[in-house]
Amino acid sequence: MRCKNLSTGAQHYFHFSEDELCSYEIGPEIATALGIPEVGSFGDKKTVLSRQAIEAAMDAFDSYRTNGAHSEIFGTFGDPRDYWVRSSRDRENRVYPTKPLIRFILKKTELNGGWGQKSDAAARLHNSGFVIVDQADEPVQAPERYEHLISGADRIRLCALNYFIEPAREKRLKTVTIRAGDLASAMGLKNTFPDICQTLGGEKLQQLAKVPPPTISEPNPSSSTTFTYQLGSESEAETMSQASMTTSASATNLILYGPPGTGKTFSTAAEAVRLCGEPVPQDRTKLMAVYQRLVAASRIEFVTFHQSLSYEEFVEGLRPETPGAEGKEPESEGMDTGFRLKVEDGVFKRICERARLDPGEHGSRQGLDRQRNLFKLSLIGANWQEQLSSALANGRIFWGFGAGVDWSPPEFEEFEAVKERWREDDPQKHGTSADISGTWYFRGAVDVGDYVLLSVGKNRIVGLAEVVGDYEHDPREEREHSRRVCWIWHSAEGAQRSDFYPERFSAFQPIYQLASDKVDWDALEEITLGPKPPREPNETRNYVLIIDEINRANISKVFGELITLLESDKRLQADNEIRLTLPYSKRLFGVPSNLHVIGTMNTADRSIALLDTALRRRFTFREMMPDASILEGAAEKCGIDLPRLLTTINERIEYLYDREHQIGHAYFTACGSRGDVDEVMRHKVIPLLAEYFFEDWAKIAAVLGDVEPGEASITGGFLKRTVLNPPPGLEDGDAVARFRWQVRSVDEGFDYSKLVGT
């Protein structure tokens, strides 16, 4: 082992046996050279446990779990009470008890398992940059009262090295990306992103990990900030100040492309979870649990493009709506029952709006909830100011019709019951009467949580409240019908209706629901809550739109003018921000920077060369080709050399057709027996080859190794060929032999020798 003293430049060499590598002691000068903090002393020396030693102890403990090896050490320990440690490698079970590991490493017979002394098991592992956890793998924070426990930047560096950089080196990756939120989650840290980002971008970590300055994404600092390190040689590790480091755009437009079955759609889940700022579990089941949680939280949307998809479905369009379609309007009597065209948002506009209005990590930017219903309630008469003052003083809204009747019984939830009760007193009334329909609205159609605007006349509002209570009736009060509300805004001067709603309020209906698609919520928010200051980039959470089969739709038709808005520098609050007026809603629209778009593209369905040039320029393309090495595990179960099988088939397809029509490894990953492989070949691979080569069975046979020229009939490994006899009268008319091709039956089975060798 070679170390360089950073202050003197002197070289220090250490030679360890395999056993000695488990634990070693170094003096303060060497500790400084290594970038390792002082964690405890024995005289003038510092004790450090290497990652290799700790992981080797975990390997030994796995052997003990499996076959009882090292039972003389591990067998003396029962289940721990408090402390476990998390492995830095991908294992089936990453949680290990602390005391047995330290005893195995140090060959000590007596030791404690907690934090109290620098020699205790949890303290040693903590100071070596490992994460102490409970049995459920949740990080346990070290007590702050112990000065011998490392913390802050020192521990962040060691954990980043142990859990991210060194594992990437073991896998021979060229780069490793550490997201601040992932490291914080792994360590169980909260609200420490400035410290984490400063440490990950600092020179000390570069020296410790022997890496050059990382590429850092914006915003910085933030939970979503990423640090990408090149895992090259030591000579490449030139130090650089954080101010001069390269930054990357915050918005991601990515397309995963490749032949069918290469795991493109499978990979979008992990990519979406990562872009949402969540740790990406290695276990697929755990990954999908995180993915589904984000989908349920409406932070991930998934849509599949197809040939019939239109702008109206993807962005916004007009949908016919009949009266009462939303269940909020009473029936009409003797009136036109036609329909109106309502603007309906598509999946792209919906997720853009959610991302734009995101309340932030801790909900600090709350505004009006645009999913709630908005009702108008008129203050009628010259004494409207008195009505407003009473409403504000009592925290209630009032209904001035239907005196002497208690509308709270359950039967009055139905409009018909309200109408019939009114007609008992006045048989001439019809369902469109303001007092009947208004009573029904006020009594129950307005739900708890809905918003109510108080209006004066046709063009003025003086109050906005959230309904927080059900209908109440008190015959002792002058205004006997009321509902409790929470006032959001009120003003005697009021505000103009035209600033947020295009249609004048009806003078004949004191209360009714406003058309939600016509409400300018941004303008209403500014009236009632005041203008919002521009949000900082690190305030928002990330959102992801996944577009599967993005090349199957007419891109120009689906995106329309919005293709320009996808560019990072054209996003909202970017340097070259662009907003466009949408054709149906007539509203200004922009794409927020915290929305990421991931697409998948099957190159066998349509060549990448034919993709819309505008889309190609605005997206980053990541190729995903078949990886035969993934099938090595499945090959052992099936008794067939699946990697060689897939490689041979794809080499022949590339020769006869092109590289974009290869067959992906995903077709075979679930195979657990030879019968499974037969099923895949019979029902997936051979039909796909028939589609590729347009039923040219000679080429299909060439791919499968079944071509044997010169024979009238053949029985190959997968196909059977027999000569077709010409019909009478054509015996001499065509000298070209014609064949009948058949796939071998299930009883005959397949012979793989011509694809994988004997």
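Residues numbered from 1 in each chain as written. Predicted model: local features only at pLDDT ≥ 70, side-chain atom pairs only at ≥ 80, totals over all residues. Heavy atoms only, no water.

Trainee: I'd love a proper account of the overall build of the protein, names of residues and values included.
Mentor: Scanning the protein from terminus to terminus reveals 24 helices and 31 strands. Counting only contacts in the protein whose residues sit at least 6 apart along the sequence, the fraction spanning at least 24 positions is 66%. (Helix = DSSP H or I, 4+ residues; strand = E, 2+ residues; numbered from the N terminus. Contact = heavy atoms within 4.5 Å.)

Trainee: Explain a negative patch on the surface to me, using residue names and the numbers behind them.
Mentor: Residues Asp627, Glu632, Glu636 and Asp641 make up a contiguous surface patch of negative charge. Structurally, the position occupied by aspartate 641 is in the loop between helix 20 (632-638) and helix 21 (642-656). (Patch = residues over 30% accessible without salt bridge, like charges linked within 9 Å, V, L, I, M, F, W, Y side chains within 5 Å. Areas by Shrake-Rupley, 256 points an atom, 1.4 Å probe, with all protein chains shown as cover. Salt bridge = Lys/Arg side-chain N within 4 Å of Asp/Glu carboxyl O. Lys, Arg positive; Asp, Glu negative; His and termini not counted. Charge placed at Lys NZ, Arg CZ, Asp CG, Glu CD.)

Trainee: So what's going on with the sheet that holds strand 13 (residues 253-258)? Which residues, and what values?
Mentor: One open sheet accounts for five strands, arranged 14-24-27-13-28; its pairing is parallel. Each having just a single partner strand, strand 14 (300-304) and strand 28 (620-623) make up the two edges of the open sheet. For this sheet, the mean angle separating the axes of adjacent strands, direction not counted, is 20°. Examined bridge by bridge, strand 13 and strand 27 (residues 595-602) share six bridges and lie parallel to one another. Within strand 27, the residue paired with isoleucine 255 across the bridge is glycine 599. (Pairing = 2+ DSSP bridges. Axes fitted to C-alpha atoms, helices over the stretch in contact; angles between N-to-C directions.)

Trainee: For the pattern of salt bridges, give the residues involved together with the corresponding values.
Mentor: Here the structure, examined in full by the defined rule, presents 38 salt bridges. With its nearest N and O atoms 2.8 Å apart, the salt bridge here joins arginine 91 to aspartate 59. You can see arginine 91 sitting in the loop between strand 6 (84-86) and strand 7 (95-97) and its partner aspartate 59 sitting in helix 2 (residues 51-67), a full 32 residues away along the chain. Residue classification places aspartate 59 among the partly exposed positions, given a relative accessible area of 35%. In this structure, lysine 570 engages glutamate 567 in a salt bridge whose closest nitrogen and oxygen atoms are separated by 3.3 Å. For the pair formed by lysine 570 and glutamate 567, the shared burial category is buried. One network of salt bridges, in which partners are shared, links Arg51, Glu55, Asp59, Asp62, Arg65, Arg89, Arg91 and Glu170. (Buried < 20%, exposed > 50% of the residue type's maximum accessible area, 1.4 Å probe, protein only.)

Trainee: How would you sum up the packing of helix 6 (residues 152-170) against helix 7 (residues 180-187)? Please name residues and give values.
Mentor: Closest axis-to-axis distance for the helix 6/helix 7 pair is 11 Å, and the angle between their directions is 100°. Comparing their axes, helix 7 and helix 6 come out roughly perpendicular. Contacts between helix 6 and helix 7 involve Arg155, Ile156, Cys159, Ala160 and Phe164 on the former and, on the latter, Asp182, Leu183 and Met187. Along the lines of polarity and charge, the residues of the contact of helix 6 with helix 7 split into six nonpolar, no polar and two charged. (Parallel < 35°, antiparallel > 145°, perpendicular 65-115°, else oblique. Nonpolar A, V, L, I, M, F, W, Y, C, P; charged D, E, K, R; others polar.)

Trainee: Let's hear about the sheet that holds strand 31 (residues 739-743): which residues, and what values?
Mentor: Sheet architecture is open: three strands sit in the order 29-30-31, paired in antiparallel fashion. The outermost strands of the open sheet, each flanked by one partner alone, are strand 29 (714-715) and strand 31. On the sheet, helix 23 (residues 697-704) packs against strand 30 (719-723) and strand 31 and is oriented at approximately 140° with respect to strand 30.

Trainee: Give me the lowdown on the confidence of the model for the protein, citing residues and values where you can.
Mentor: Across the protein, the average pLDDT comes to 81, with 83% of residues at or above 70. The lowest-confidence element of the protein is strand 4 (residues 41-42), averaging 32 in pLDDT; the highest-confidence one is strand 24 (residues 543-548), averaging 95. Taken as a whole, residues 233-249 scores under 50 in pLDDT and shows 38 contacts with residues more than four places along the chain or in a different chain. (pLDDT = per-residue confidence, 0-100.)

Trainee: Describe in detail the packing of aromatic side chains, supporting the description with residues and values.
Mentor: A full pass over the atoms with the stated rule returns 25 aromatic pairs. Measuring from centroid to centroid gives 5.0 Å for phenylalanine 314 and phenylalanine 559, while their planes differ by 70°, and the two rings are edge-to-face. Note that phenylalanine 314 is positioned in helix 12 (residues 311-314) and phenylalanine 559 in helix 18 (residues 555-559), a separation of 245 residues in sequence. The exposure class of phenylalanine 559 is buried, given its relative accessible area of 1%. Here the aromatic residues Phe305, Phe314, Phe348, Phe559 and Phe589 are joined through ring pairs into a cluster of three or more. Above the plane of the ring of phenylalanine 266 lies arginine 284, whose end atom (NZ or CZ) is 3.5 Å from the centre. In this structure, arginine 299 is placed above the aromatic ring of tyrosine 543, and the distance from its NZ or CZ to the ring centre is 5.9 Å. (Phe/Tyr/Trp six-rings, centres within 6.5 Å; stacked < 30°, edge-to-face > 60°. Lys NZ or Arg CZ within 6 Å of the ring centre and 35° of its normal.)

Trainee: Describe in detail helix 10 (residues 264-275), supporting the description with residues and values.
Mentor: In a regular helix each residue adds 1.5 Å, so twelve residues correspond to 16 Å; helix 10 covers 16 Å between its end C-alpha atoms and thus fits that length. What helix 10 keeps buried is the set Lys264, Thr268, Ala269, Glu271, Ala272, Val273 and Leu275. Tucked inside the fold, the buried residues of helix 10 contact strand 13, helix 11 (284-296), strand 14, strand 24, strand 27 and strand 28. Immediately downstream of helix 10, the backbone of glycine 277 shows phi near 85°, a positive value. (Expected span 1.5 Å × (residues − 1).)

Trainee: Quick one: what's the story with the nonpolar core, residue by residue and with numbers?
Mentor: In this structure, Val85, Ile165, Ile178, Leu183, Leu200 and Tyr229 are the most contacted members of the largest nonpolar core, which totals 54 residues. Apart from the residues within four sequence positions on either side, leucine 200 is in contact with Ala160, Ile178, Leu183, Leu205, Pro214, Phe227 and Tyr229. The next biggest cluster of nonpolar side chains, apart from the first, holds 48 residues, and it includes Trp384, Val456, Ala495 and Ile511. (Core = buried A, V, L, I, M, F, W, Y, C linked by side-chain atoms within 4.5 Å.)

Trainee: Go over the packing of helix 2 against helix 4 (residues 98-106), please, and point to the residues and values.
Mentor: Following both chains from N to C, one finds helix 2 and helix 4 inclined at 110°, their axes separated by 9 Å at the closest point. Between helix 2 and helix 4, the angle falls in the class roughly perpendicular. As helix 2 packs across helix 4, the resulting crossing turns out to be right-handed. Facing helix 2, whose interface residues are Ala53, Ile54, Ala56, Ala57, Met58, Ala60 and Phe61, helix 4 presents Pro100, Leu101, Phe104 and Ile105. Residues belonging to the contact of helix 2 with helix 4 are distributed by class as follows: eleven nonpolar, no polar and no charged. (Left-handed = near helix turned anticlockwise from the far one by under 90°.)

Trainee: Residues and numbers for the pairing of strand 17 (residues 374-378), please.
Mentor: Across the five residues of strand 17, five count as buried, placing the element largely inside the fold. Residues of strand 17 alternate between two faces, with Leu374, Lys376 and Ser378 on one and Phe375 and Leu377 on the opposite face, all of them buried. Examined bridge by bridge, strand 17 and strand 19 (residues 451-455) share five bridges and lie parallel to one another. The partner of leucine 377 across the bridge, within strand 19, is leucine 454. Sheet topology note: the strand 17/strand 23 (residues 511-513) ladder contains three bridges and is antiparallel. Counterpart to leucine 377 in the pairing with strand 23 is isoleucine 511.

Trainee: Which residues make up a nonpolar patch on the surface, and what are the values?
Mentor: A surface patch of nonpolar side chains, about 260 Å² in accessible area, is lined by Leu318, Leu341 and Tyr584. Following the sequence through the fold, leucine 341 ends up in strand 16 (residues 340-345). Judged by relative accessible area, leucine 341 falls into the partly exposed class, the value being 49%.

Trainee: An account of the environment of alanine 445 is requested, with residue identities and associated values reported.
Mentor: Relative to the helices and strands, alanine 445 resides in helix 16 (residues 434-445). When its relative accessible area of 5% is taken as the criterion, alanine 445 is described as buried. Put simply, alanine 445 and glutamate 414 are 31 residues apart on the chain and 9.5 Å apart in space, counted from C-alpha to C-alpha.

Trainee: How would you explain unusual backbone geometry if you had to name every residue and give the values?
Mentor: Unusually for a residue other than glycine, arginine 172 sits at a positive phi of about 60°. Its place among the elements puts arginine 172 in the loop between helix 6 and strand 9 (175-179). Phi is positive for glutamate 695, which is not a glycine, with a value near 65°.

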